[in-house]
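Below, each chain spelled out in residue letters.
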Amino acid sequence: DAGVTQSPTHLIKTRGQQVTLRCSPKSGHDTVSWYQQALGQGPQFIFQYYEEEERQRGNFPDRFSGHQFPNYSSELNVNALLLGDSALYLCASRGYWGGAAGNEQFFGPGTRLTVL
Amino acid sequence: AQTVTQSQPEMSVQEAETVTLSCTYDTSESDYYLFWYKQPPSRQMILVIRQEAYKQQNATENRFSVNFQKAAKSFSLKISDSQLGDAAMYFCAYRREAYSGAGSYQLTFGKGTKLSVIP
């Protein structure tokens, strides 16, 4: 059973460009969350998708947008890249079974984005 | 808004010894979950241990245990018999209760503690 996968592993862009990051959730999971982890910091919540809709959003500008597909995979899009967008972007998925066992989120290995 | 504070940017421990990592949090909620995640250099965030706020009993997972003090809003992680593979960044995280499938599973993380294990 594959865990959460993300692509690409690394990405280098220049300021002003646009980028799309992809995430495939763990089998059976229907909720996907995205996090930004700057160097030396803890991850910060960007947004969460469930049933193809954005359900929760953190304190990130509209340049950050996303999408969830019928197969539960998700994309994170960032427009007009800034130097400060350089970070590790983590995807986490969760399945809903209820109870304590259903509360764990599984993280992918992340995409390292460098903006020059 | 919930906040999570880890006051120890770096810690070190001798192999086979015990180390405790500290975490405090702030919330007005009564139902929530607390987590410790491990992030090795491979970057994969791995769940170490989970604590439900409504449970008074401290969670344990093999060599890992927590000291959960709800009134003090403190949640420390104890690693016993430390091993070289325990070396990593450790993040404390908070999540409020979510009562439906569409509920928020947003995690709020601390800034992390870098743990080094000395052979």
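This write-up is about the structure you can find in this document. This one's a predicted model, so the numbers in the text were calculated from it and none came from an experiment. (Residues numbered from 1 in each chain as written. Chains lettered and ligands numbered in written order. Predicted model: local features only at pLDDT ≥ 70, side-chain atom pairs only at ≥ 80, totals over all residues. Heavy atoms only, no water.)

1. Points about the sheet that holds strand E7 (residues 64-68) of chain A
Residues and elements named next belong to chain A.
Link 1 in the chain: Spatial ordering of the open sheet is given by E1-E3-E8-E7, a layout of four strands whose pairing is antiparallel. This sheet does not close on itself; its edge strands, each paired only once, are strand E1 (5-7) and E7. For this sheet, the mean inter-axis angle between neighbouring strands, taken without regard to orientation, is 20°.
Link 2 in the chain: Direction of pairing for strand E3 (residues 19-24) relative to strand E8 (residues 74-78): antiparallel, over a ladder of five bridges. Residue pairing for E8: Arg 22 is matched across the bridge by Glu 75. (Pairing = 2+ DSSP bridges. Helix = DSSP H or I, 4+ residues; strand = E, 2+ residues; numbered from the N terminus. Axes fitted to C-alpha atoms, helices over the stretch in contact; angles between N-to-C directions.)

2. Focus: unusual backbone geometry
Link 1 in the chain: Omega for the peptide link from Ser7(A) to Pro8(A) comes to -5°, which places this bond in the cis form.
Link 2 in the chain: With respect to the helices, strands and loops of the structure, Pro8(A) is situated in the loop between E1 and strand E2 (10-13).
Link 3 in the chain: Phi at Lys73(B) is positive, roughly 55°, even though this residue is not glycine.
Link 4 in the chain: Take Lys73(B): it is sitting in the loop between strand E8 (64-69) and strand E9 (74-79).
Link 5 in the chain: The partly exposed category is assigned to Lys73(B), whose relative accessible area is 25%. (Buried < 20%, exposed > 50% of the residue type's maximum accessible area, 1.4 Å probe, protein only.)

3. What to know about the nonpolar core
Link 1 in the chain: Counting 25 residues, the largest nonpolar core has Tyr25(B), Trp36(B), Phe75(B), Leu77(B) and Tyr90(B) as its most contacted members.
Link 2 in the chain: Counting residues per element, the ones that place at least two in this core are strand E3 (19-21), strand E5 (32-39), strand E6 (46-52), E8, E9, strand E10 (88-96) and strand E12 (113-118) of chain B.
Link 3 in the chain: In terms of residue count, the dominant contributor to this core is E10(B) (four residues).
Link 4 in the chain: In this view, Leu77(B) contacts Val19(B), Thr20(B), Leu21(B), Trp36(B), Ile49(B), Phe64(B), Ser65(B), Val66(B) and Tyr90(B); residues no more than four positions away in its chain are not counted.
Link 5 in the chain: Counting 20 residues, the second largest nonpolar core, distinct from the first, contains Val4(A), Leu11(A), Phe47(A) and Val115(A). (Core = buried A, V, L, I, M, F, W, Y, C linked by side-chain atoms within 4.5 Å. Contact = heavy atoms within 4.5 Å.)

4. What to know about the interface of chain A and chain B
Link 1 in the chain: Every contact between the two is made by 27 residues of chain A and, on the other side, 23 residues of chain B.
Link 2 in the chain: Summing the contributions of chain A and of chain B, the shared interface buries around 2,200 Å²; its carbon and sulfur component is 49%.
Link 3 in the chain: Across the contact surface, chain A and chain B share zero salt bridges.
Link 4 in the chain: One can count five residue pairs in polar contact (both at pLDDT 80 or more) joining chain A with chain B.
Link 5 in the chain: Only strand E4 (31-37), strand E5 (44-50), strand E6 (53-57) and strand E9 (87-94) of chain A provide two or more residues apiece to the side of chain A that touches chain B.
Link 6 in the chain: Residues of the side of chain A that touches chain B, tallied by class, amount to ten nonpolar, 13 polar and four charged. (Buried area = accessible area lost by both parts, 1.4 Å probe. Salt bridge = Lys/Arg side-chain N within 4 Å of Asp/Glu carboxyl O. Polar contact = N/O pair within 3.5 Å; in protein donor to acceptor, adjacent residues only side chain to side chain. Nonpolar A, V, L, I, M, F, W, Y, C, P; charged D, E, K, R; others polar.)

5. Observations concerning the packing of aromatic side chains
Link 1 in the chain: Inspection of every chain in the model, using the stated rule, returns 16 aromatic pairs over all chains.
Link 2 in the chain: For the ring pair Tyr35(A) and Phe109(B), a centre distance of 5.8 Å and an interplane angle of 90° mean the geometry is edge-to-face. Taken together, the residues span two chains, with Tyr35(A) in strand E4 and Phe109(B) in strand E11 (residues 108-109).
Link 3 in the chain: Overall, Tyr35(A) belongs to the buried group, its relative accessible area being 0%.
Link 4 in the chain: Put simply, the rings of Tyr35(A), Phe45(A), Phe107(A), Tyr33(B), Phe35(B), Tyr37(B), Phe91(B) and Phe109(B) pair up and form one aromatic cluster. (Phe/Tyr/Trp six-rings, centres within 6.5 Å; stacked < 30°, edge-to-face > 60°.)

6. A word on the pairing of E8(B)
Residues and elements named next belong to chain B.
Link 1 in the chain: Here strand E7 (residues 60-61) pairs with E8 via two bridges, running antiparallel. Following the sheet pairing, Thr 60 is matched in E8 by Ser 65.
Link 2 in the chain: From the end of E7 to the start of E8, which pair antiparallel, there are two residues, and Asn 62 there has a positive phi angle of about 55°.
Link 3 in the chain: Pairing analysis gives six bridges linking E8 to E9, with the strands arranged antiparallel. Residue Val 66 lies in a different strand from E9, and its bridge partner there is Leu 77.
Link 4 in the chain: Here E8 hands over to E9 after four residues, with Lys 73 in that stretch at a positive phi of 55°.

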